[in-house]
Amino acid sequence: MLILGIESSCDDTAAAVLQGDTVLANILTSQDAIHTKFGGVVPELASRQHLQAVHPVVEKALSDADTTLDKIDLIAATQGPGLIGSLLVGFSYAKALSMVSKIPMIGVDHMAGHILSIFLSKNPPVFPYISLIVSGGTSAIYLAESFTSFSCLGRTRDDAAGEAFDKVAKLLGLPYPGGPHVSKMAEAGDPDYIKFPRSWLEADSLDFSFSGLKTSVLNYVNQQKVKNQKISTPDICASFEKAVVEVLVKKTILAAEKYNIPSISIGGGVSANSKLRELFHHECAVADKVFYAPELNYCTDNAAMIALAGGHTYKKNGSIPLDHDVYSRSSLG
Ligand code: KG4
């Protein structure tokens, strides 16, 4: 089955063509250059940019896959969660394509895409597995039992991990999106320089909370300024990164132990973080769990994961009627 995937949930316009679970083309245009001067995504600008990008990106994906629309068997587009204006562009475009070309269409939950992105790698896990999804909009732990069955075991109660990276980057004067810049800076810093708090919440809780940590970084920077003392950006970045990564890894392994699941995978933009991957490798070996990490281009938003998830949902449930609408919050939790 030849599947065209379309993703436009936030600030990246992406299209991919898959033959089953095999990627034939994976195209993405980033809007980072537009949003960086505002220190975050401006929803209105994002949807306007999607309008300009979606058609050329789809055309490029079809041509890179050496195919044409009439050969496509299924159109899979992100239906939610995300920015409504952004989602509407990709989803409405997909609906229009489906209507004129009479190709069946499926709406895909963005979180399901991230959870299944590990199947775009060479050695995916077998079900069931625990999946940590950490991005700019989400931090959540899921139990994946099949290509279409996911339960949320824990989620952030306030900021997402990527949001915390972005906000800390902004207060340190680093560009948007902040995660990669904080991580790069952290390479030259001492992760034990400042003991930022770890928010474990209640014993056994699989939920996350990162807003207190972000405030601690802000307080530390302000106190240093008041005391006229040096602010070492690399040390702050390394100490902050360590505080985030430790909580993410420990809680994910706790979930795997609690539900007696042997495999752990990760997904979402923050899963590109090298310290997170290193600690997972180390702690999974200690806990006798097998760790799976997607390739870097499948960590951040992409349409290949949407096409893959869409293909499996279609096999189970068939296509959707074209009066379906986008949604801002995932039903997956
Ligand atoms: O999944 P994603 O591409 O998109 C949305 O959330 O919409 O994730 C983007 C997030 C941003 O917050 C970005 O700062 C973060 O992922 N990120 C990282 C790294 N690369 C991207 N955070 C930490 N370390 C990284 N290397």
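Residues numbered from 1 in each chain as written. Predicted model: local features only at pLDDT ≥ 70, side-chain atom pairs only at ≥ 80, totals over all residues. Heavy atoms only, no water.

Engineer: If you had to explain the sheet that holds strand β1 (residues 2-7) to someone new, which residues and values would you point to?
Structural biologist: As summarised here, the arrangement of the five strands in space is β3-β2-β1-β4-β5, forming an open sheet in which the pairing is mixed. Every interior strand has two partners, whereas the edge strands, β3 (22-30) and β5 (105-109), have only one. Within the sheet, the average angular offset between the axes of one strand and its neighbour, ignoring direction, is 20°. Note: β1 against strand β4 (residues 74-80), four bridges, orientation parallel. When the sheet's bridge partners are listed, I3 is paired in β4 with L74. Across the face of the sheet, helix α2 (residues 43-64) comes into contact with β1, β2 (12-19) and β3 while running at roughly 25° to β2. Helix α3 (residues 84-101) rests against β1, β4 and β5 of the sheet, and its axis sits at about 155° to β4. (Pairing = 2+ DSSP bridges. Helix = DSSP H or I, 4+ residues; strand = E, 2+ residues; numbered from the N terminus. Axes fitted to C-alpha atoms, helices over the stretch in contact; angles between N-to-C directions. Contact = heavy atoms within 4.5 Å.)

Engineer: Run through the pattern of salt bridges, naming residues and quoting values.
Structural biologist: Taken as a whole, this structure holds 13 salt bridges when the rule is applied. With its nearest N and O atoms 3.0 Å apart, the salt bridge here joins E163 to K167. Here E163 and its partner K167 are both found in helix α5 (residues 161-171), four residues apart, which amounts to about one turn of the helix. For the salt bridge of E246 with R198, the shortest nitrogen-to-oxygen distance reads 3.0 Å. Residue E246 is located in helix α8 (residues 233-258), and its partner R198 is located in the loop between α6 (178-186) and α7 (211-226); the two are separated by 48 residues in the primary sequence. Look at the salt bridges and you will find they share partners, linking D192, K195, R198, K242 and E246 into a network. (Salt bridge = Lys/Arg side-chain N within 4 Å of Asp/Glu carboxyl O.)

Engineer: Please provide a residue-by-residue account of the sheet that holds strand β8 (residues 149-155), values included.
Structural biologist: Across the sheet, five strands lie side by side as β8-β7-β6-β9-β10; this open sheet has mixed pairing. The open sheet has two free edges, formed respectively by β8 and β10 (290-292), since each of these has just one partner strand. Pairs of neighbouring strands in the sheet enclose a mean axial angle of 25°, with direction left out of account.

Engineer: Describe in detail helix α10 (residues 304-317), supporting the description with residues and values.
Structural biologist: Here α10 spans 20 Å end to end across 14 residues, near enough to the 20 Å set by a 1.5 Å rise per residue. The inward-facing, buried residues of α10 abut β1, β2, β3, β4, β5 and α4 (110-116). Of the residues one or two after α10, G318 is the one with positive phi, at around 80°. (Expected span 1.5 Å × (residues − 1).)

Engineer: Lay out the site of the ligand in plain terms, naming residues and giving numbers.
Structural biologist: As a matter of local geometry, the ligand sits amid 19 residues, with G136, D166, G179, G269 and N273 nearest to it. Between the ligand and G179, the relevant distance is 2.9 Å, taken from an oxygen atom to a main-chain nitrogen or oxygen of the residue. Backbone polar atom of D301 to an oxygen atom of the ligand: 3.0 Å apart, as the coordinates give it. Those elements that provide at least two residues to the shell around the ligand are α5 and α6. Among the residues making up the shell around the ligand, the classes are represented as six nonpolar, eleven polar and two charged. (Near = heavy atom within 4 Å. Polar contact = N/O pair within 3.5 Å; in protein donor to acceptor, adjacent residues only side chain to side chain. Nonpolar A, V, L, I, M, F, W, Y, C, P; charged D, E, K, R; others polar.)

Engineer: Mind laying out the environment of N26, listing which residues take part and the relevant values?
Structural biologist: Position of N26 relative to the elements: it lies in strand β3. Using a relative accessible area of 27% as the deciding quantity, one classes N26 as partly exposed. Along the primary structure N26 and V134 are separated by 108 residues, whereas in three dimensions their C-alpha atoms are 21 Å apart. (Buried < 20%, exposed > 50% of the residue type's maximum accessible area, 1.4 Å probe, protein only.)

Engineer: Help me get a handle on the packing of α8 against helix α9 (residues 274-287), residues and values and all.
Structural biologist: The interhelical angle for the contact between α8 and α9, taken along N-to-C directions, is 35°, at an axis separation of 10 Å. Handedness of the crossing formed by α8 with α9: right-handed. For the pair formed by α8 and α9, the contact residues are E241, V245, E246, L248, V249, T252, I253 and E257 on the first element and K275, L276, L279, F280, E283, C284 and A287 on the second. Residues belonging to the contact of α8 with α9 are distributed by class as follows: nine nonpolar, one polar and five charged. (Left-handed = near helix turned anticlockwise from the far one by under 90°.)

Engineer: How would you explain α7 if you had to name every residue and give the values?
Structural biologist: With 16 residues, α7 extends 22 Å between its outermost C-alpha atoms, agreeing within 8% with the 22 Å of an ideal straight helix rising 1.5 Å per residue. Regarding α7, the residues found buried are L213, K214, S216, V217, Y220, V221 and Q224. The buried side chains of α7 occupy one side of the element, clustering within an arc of 160° when seen end-on. Opposite the packed face of α7, turned more than 90 degrees from it, sit the exposed residues K225 and V226. (Arc of directions from axis to C-beta.)

Nothing here speaks to function; it is all geometry.
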